[in-house]
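One letter stands for each residue in the lines below.
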Amino acid sequence: MSQYVKYLVCYDVTDNKSRTKFSNALKDLGLIPIQKSVFYGDLKPPEARSISSLAKKFLNEETDSCFWFPCHLDLQKLRSCFGLKDYQYEEPDGFKVL
């Protein structure tokens, strides 16, 4: 059984092209946007480690910022926030959350 950890990734990127590439890379990892620059989802440990490489590849250390950390969001509480009442999140099949 695969082991996943829920991650929250937030970023502020000044260049539109870099921001789009980084956003697409996060989506390719299976993360789901909660807002334009906030992503959430289940990652295996190697996928979580790859975020650092993606940040170095697409972001400018002088002008951009990004942080990511393990985080379990309560979906009921998240849906009670402004503008997120219809937010949907599906767990991956056959996983064990750490």
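What counts as what
Residues numbered from 1 in each chain as written. Predicted model: local features only at pLDDT ≥ 70, side-chain atom pairs only at ≥ 80, totals over all residues. Heavy atoms only, no water. Salt bridge = Lys/Arg side-chain N within 4 Å of Asp/Glu carboxyl O. Helix = DSSP H or I, 4+ residues; strand = E, 2+ residues; numbered from the N terminus. Buried < 20%, exposed > 50% of the residue type's maximum accessible area, 1.4 Å probe, protein only. Phe/Tyr/Trp six-rings, centres within 6.5 Å; stacked < 30°, edge-to-face > 60°. Expected span 1.5 Å × (residues − 1). Axes fitted to C-alpha atoms, helices over the stretch in contact; angles between N-to-C directions. Parallel < 35°, antiparallel > 145°, perpendicular 65-115°, else oblique. Left-handed = near helix turned anticlockwise from the far one by under 90°. Contact = heavy atoms within 4.5 Å. Core = buried A, V, L, I, M, F, W, Y, C linked by side-chain atoms within 4.5 Å.

### Some points on the pattern of salt bridges
Line of reasoning, step 1. Throughout the structure, instances matching the rule amount to one salt bridge.
Line of reasoning, step 2. Lys6 is the salt-bridge partner of Asp42, the closest N and O atoms lying 3.1 Å from each other. You can see Asp42 sitting in strand 3 (residues 38-43) and its partner Lys6 sitting in strand 1 (residues 2-12), a full 36 residues away along the chain. No difference in accessibility class separates Asp42 from Lys6, as the two residues are buried.

### Let's talk about the packing of aromatic side chains
Line of reasoning, step 1. Following the criterion strictly, the structure yields three aromatic pairs and no others.
Line of reasoning, step 2. Between Tyr11 and Phe22, the aromatic rings sit 5.2 Å apart at their centres with planes inclined by 85°, giving edge-to-face as the arrangement. You can see Tyr11 sitting in strand 1 and its partner Phe22 sitting in helix 1 (residues 16-28), a full 11 residues away along the chain. Across the pair, Phe22 and Tyr11 agree in class, each one buried.
Line of reasoning, step 3. Here the aromatic rings of Tyr11 and Phe39 are separated by 6.1 Å at their centres, their planes lie at 25°, and the arrangement is stacked. Residue Tyr11 is located in strand 1, and its partner Phe39 is located in strand 3; the two are separated by 28 residues in the primary sequence.
Line of reasoning, step 4. A network of ring pairs unites the aromatic residues Tyr11, Phe22 and Phe39 as a single cluster.

### Digging into helix 2 (residues 45-58)
Line of reasoning, step 1. Counted at 1.5 Å a residue, the expected span for helix 2 with its 14 residues is 20 Å, and the 21 Å between its end C-alpha atoms agrees.
Line of reasoning, step 2. Among all positions of helix 2, only Ala48, Ile51, Leu54, Ala55 and Phe58 are buried.

### Observations regarding the packing of helix 1 against helix 2
Line of reasoning, step 1. Their axes nearest at 10 Å, the elements helix 1 and helix 2 cross at an angle of 160°. As judged from the angle between their axes, helix 1 and helix 2 are roughly antiparallel. Helix 1 and helix 2 meet at a crossing whose hand is right-handed. Note on element contacts: helix 2 touches helix 1 through Leu54, Ala55 and Phe58, opposite Ser18, Lys21, Phe22 and Ala25.

### Observations concerning the nonpolar core
Within soluble globular proteins, side chains that are nonpolar tend to cluster in buried spots.
Line of reasoning, step 1. Core analysis: the biggest nonpolar cluster contains 18 residues, and Phe22, Leu26 and Leu43 have the highest contact counts within it.
Line of reasoning, step 2. When residues of this core are traced back to their parent elements, those giving at least two are strand 1, helix 1, strand 3 and helix 2.
Line of reasoning, step 3. Leu8, Tyr40, Leu78 and Tyr87 belong to the second largest nonpolar core, which has 11 residues in total.

So yeah, pure geometry; function would need other evidence.
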